[in-house]
Amino acid sequence: MADPTPLSFETGPSRRDVLRVGLTGAVVAATGLAGPSRVASAAGESPAASRPNVLLIVCDQLGFDAMGWTGCPDVSTRNLDRLRQRSVAFNRTHSPDPVCSPARGALFTGRMPAETGVIANAGQIRPDIPNLGQWLSQHGNYDTAYCGKWHLSDGWAREGGVPGFTVLPVGDGQGALVDHTITLSCEAYLNNRRAGEQAGERPGGKPFLLVASYMQPHDICLWGIQQEQLVPAELPFPQLRDRLPALPPNHTARPAAPASLDRLRFKRFKSDEQWRYYLYNYYRLVEQLDTEVGRLLAALDRSGQADNTVIIFTSDHGDGRARHGHVQKGYPYDEAVRVPLMVSWPGRLRPATLDDQHLVGLIDLVPTICDYAGIQPPPKARGRSLRPLLEPSTAPVDWRDHIVSQYRQSGRTVRTDRYKFVRERGDPTLQLFDLHNDPWETRNLYQDPALADVVAQHAQLLDVHEAALDYAPNVDPATLREKVEA
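Anyway, here's the lowdown on the structure attached to this text. Just so it is clear, the model here is predicted, and its values are computed rather than measured. (Residues numbered from 1 in each chain as written. Predicted model: local features only at pLDDT ≥ 70, side-chain atom pairs only at ≥ 80, totals over all residues. Heavy atoms only, no water.)

### Some words on the overall build of the protein
Step number 1: Within the protein, the regular secondary structure consists of 14 helices and 16 strands.
Step number 2: A total of 486 residues make up the protein; the buried ones form 58% of that total. (Helix = DSSP H or I, 4+ residues; strand = E, 2+ residues; numbered from the N terminus. Buried < 20%, exposed > 50% of the residue type's maximum accessible area, 1.4 Å probe, protein only.)

As structure tokens, this is what we get:
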């Protein structure tokens, strides 16, 4: 198919500069040599100027395998693929909750949704838990700016509505209308910083945290909400028929599931062609995102600050994409829970590296950013700094052996190396998937007598996890749901 992405972040200061950065990273990777020394620690080993900027790019509803570099044949993501070549990418990254607001509350605090109190869309983070902007501005001496979707009390970031951040104006609306404005606002922020530094207005080189929170490919939700208008029975563009993506192998898989999951099957698409047309349009939205990411990274290159900026790219959750007969999100299967994660810092981190071993999550981003900022993470942060996994080292890394996500308030998922276990409070039907032998999650094995010990072990992991949580006042530990006020 034609490649619709005309821009890439190769358009930096010069091709020679870009190649120099790429070759430096390649030499580091090939020789096994470590990059420059670690940045400032919590003890304050080095001046503020040595601490990196952070560009955190968050998109909405991008599945972990919906890009060219992850093997998707139906999408062109030249800019994200090029970022992958500059990054350490993680293949086992999990959303703490596959719904927008709960995921974002956890991402920006390092705490689980049951602790932040955001267990459904449009919730607010409990006031005694600081978000990343508050923590870095107060303890790390960072300039903090936010642009785009917030969805914690309000859909879009507005001045005064995002504590700890200066909000860059974009308005609101669907991603097709707003995402390009996010890029332009972030570019203006970078240009203004550079102009201020050149004028001597930022002595000491105060670093920045810039969050670019894009909407796409979230616009795909409209294809389920307005199905009759957007996905008619007759294909509106017959010339696309030979270009529609194939349906996934688990499209019709309906493993035994708790009642709340069993009711979720999307029944309004009546034909395989409708499903495939929906998939085709999802990937076009991903390409819109890819274009904006390319423009933003080109702006960072032009600002002259790319070499001292940690770039983190991720998504809040995935999308059904016809798997298990689903659209949208809100269930514990990998299409909703697993998300992309790439981390880049030219000359410091290993480029073109894929971590296919460690279980990581969005809750790890706050501790990671704090580590590079040279400060301790907020109290009770549940995540762990990814720094030992990001930097070249021969020393073994002591890492977690499981990770927990929640869904639909009372649902819990625990993933270990081989298995995924799903449990909902009050529902007798459990789920156990052997992801080594059944990566598409088609066979629920929880009633297999040979795996009774596995079920019990994973249930215990969830029990220990729940017992350690500091539940928000609006969450009832007995039901794991929002408390209903009398």
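On we go.
### Comments concerning the nonpolar core
Step number 1: Ranked by size, the top nonpolar core spans 55 residues in total, and within it Ile 57, Leu 62, Ile 182, Leu 210 and Phe 313 carry the most contacts.
Step number 2: Contributions of two or more residues to this core are made by β1 (53–59), α2 (78–85), β4 (143–148), α6 (175–198), β6 (208–213), α10 (272–302) and β7 (309–315).
Step number 3: Take this core: its biggest share by element is 15 residues, from α10.
Step number 4: Among the nonpolar cores identified, the runner-up in size contains 43 residues, and Leu 341, Trp 345, Leu 349 and Tyr 372 belong to it. (Core = buried A, V, L, I, M, F, W, Y, C linked by side-chain atoms within 4.5 Å.)

### Some remarks on the packing of α2 against α10
Step number 1: In contact at an axis separation of 7 Å, α2 and α10 are set at 55° when each is read in the N-to-C sense. Of the possible angle classes, the one that applies to α2 and α10 is oblique. Residue-level inspection shows Arg 78, Asn 79, Leu 80 and Leu 83 of α2 in contact with α10, the latter providing Asp 290, Thr 291, Val 293, Gly 294 and Leu 297.
Step number 2: Residues that form the contact of α2 with α10 fall into these classes: 4 nonpolar, 3 polar and 2 charged. (Axes fitted to C-alpha atoms, helices over the stretch in contact; angles between N-to-C directions. Parallel < 35°, antiparallel > 145°, perpendicular 65-115°, else oblique. Contact = heavy atoms within 4.5 Å. Nonpolar A, V, L, I, M, F, W, Y, C, P; charged D, E, K, R; others polar.)

### Things to note about the sheet that holds strand β12 (residues 411–416)
Step number 1: Here 4 strands make up an open sheet; going across it, the order is β11-β12-β13-β14 and the pairing antiparallel. In this open sheet, the two edge strands, each paired with only one partner strand, are β11 (402–407) and β14 (431–434). Adjacent strand axes in the sheet meet at a mean angle of 15° when their direction is disregarded.
Step number 2: Examined bridge by bridge, β12 and strand β13 (residues 419–424) share 5 bridges and lie antiparallel to one another. Its bridge partner lying in β13, Gly 411 is registered against Glu 424. (Pairing = 2+ DSSP bridges.)

### Observations concerning the sheet that holds strand β5 (residues 166–167)
Step number 1: With mixed pairing, 8 strands are arranged side by side in an open sheet as β5-β4-β6-β1-β7-β8-β2-β9. Across the chains shown, the open sheet's two edge strands, defined by having one partner strand only, are β5 and β9 (353–355).
Step number 2: Where strand β2 (residues 88–90) and β9 come together, 3 bridges link them in parallel fashion. Its bridge partner being in β9, Val 88 is matched across the sheet by Thr 353.
Step number 3: Here helix α12 (residues 365–373) sits on the sheet in contact with β1, β7 and β8 (341–344), set at roughly 175° to β7.

### What about the side chain of Gln 305?
Step number 1: With respect to the element layout, Gln 305 can be found in the loop between α10 and β7.
Step number 2: Overall, the relative accessible area of 8% leaves Gln 305 in the buried class.
Step number 3: In contact with Gln 305, other than residues within four places in its own chain, are Asn 53, Leu 190, Arg 193, Glu 197, Phe 208 and Leu 300.

### Observations regarding unusual backbone geometry
Step number 1: A cis geometry characterises the amide bond from Gln 216 onward to Pro 217, with omega recorded as 5°.
Step number 2: Turning to its location among the elements, Pro 217 is positioned in the loop between β6 and α7 (221–225).
Step number 3: One non-glycine residue, His 324, lies in positive phi territory at about 55°.
Step number 4: Unusually for a residue other than glycine, Ala 352 sits at a positive phi of about 50°.
Step number 5: Structurally, the position occupied by Ala 352 is in the loop between β8 and β9.

### Details of the packing of aromatic side chains
Step number 1: Scanning all chains against the criterion turns up 13 aromatic pairs.
Step number 2: Pairing Phe 269 with Trp 275 gives two aromatic rings, centres 4.9 Å apart and planes at 85°, and the pair type is edge-to-face.
Step number 3: The exposure class of Phe 269 is buried, given its relative accessible area of 6%.
Step number 4: For Trp 275, a relative accessible area of 5% puts it in the buried group.
Step number 5: Judged by centre distance (5.9 Å) and plane angle (75°), the ring pair of Trp 275 and Tyr 278 falls under edge-to-face. Of this pair, Trp 275 and Tyr 278 both sit in helix α10, 3 residues apart, roughly one helical turn. For the pair Trp 275 and Tyr 278, a shared accessibility class is recorded, and that class is buried.
Step number 6: Here a set of aromatic residues connected by ring pairs shows up, and it is made of Phe 108, Tyr 146, Trp 150 and Phe 165. (Phe/Tyr/Trp six-rings, centres within 6.5 Å; stacked < 30°, edge-to-face > 60°.)

### Examining helix α14 (residues 452–468)
Step number 1: Over its 17 residues, α14 runs 25 Å from end to end, which matches the ideal 24 Å to within 8%, given 1.5 Å per residue.
Step number 2: Close packing links the buried residues of α14 with β11, β12, β13 and β14. (Expected span 1.5 Å × (residues − 1).)

### A word on the pairing of β14
Step number 1: Alternating positions in β14 separate into two faces, Gln 431 and Phe 433 on one and Leu 432 and Asp 434 on the other, with burial throughout.
Step number 2: Both β13 and β14 contribute to a ladder of 4 bridges, which runs antiparallel. Note that in β14 the partner of Lys 420 across the bridge is Phe 433.
Step number 3: Between β13 and β14, which pair antiparallel in sequence order, lie 6 residues; one of them, Gly 426, sits at a positive phi of approximately 85°.

### With respect to the packing of helix α5 (residues 132–139) against α12
Step number 1: Packing of α5 against α12 leaves a shortest axis separation of 11 Å and a crossing angle of 15°. Classified by the angle between their axes, α5 and α12 sit roughly parallel to one another. For the element pair α5 and α12, the recorded crossing hand is right-handed. Within the contact between the two elements, α5 uses Leu 132, Trp 135 and Leu 136 and α12 uses Val 366, Ile 369 and Cys 370.
Step number 2: Class assignment for the residues of the contact of α5 with α12 results in 6 nonpolar, no polar and no charged. (Left-handed = near helix turned anticlockwise from the far one by under 90°.)

### A few points about the environment of Pro 248
Step number 1: Tracing the backbone through its elements, the reader meets Pro 248 in the loop between α8 (227–230) and α9 (259–262).
Step number 2: Using a relative accessible area of 13% as the deciding quantity, one classes Pro 248 as buried.
Step number 3: A C-alpha to C-alpha distance of 6.9 Å links Pro 248 and Ala 322, two positions 74 residues apart in sequence.
Step number 4: Apart from the residues lying within four places of it in its own chain, the contact partners of Pro 248 are Leu 279, Arg 321, Ala 322, Arg 323 and Trp 440.

### Description of the environment of Ala 322
Step number 1: Locating Ala 322 in the fold gives a position in the loop between β7 and α11 (334–337).
Step number 2: Remark: the alpha-carbon pair of Ala 322 and His 251, spanning 71 residues in sequence, is separated by 5.6 Å.
Step number 3: In this structure Ala 322 touches Leu 247, Pro 248, His 251, Trp 275, Tyr 278 and Leu 279, once residues within four positions along its chain are discounted.

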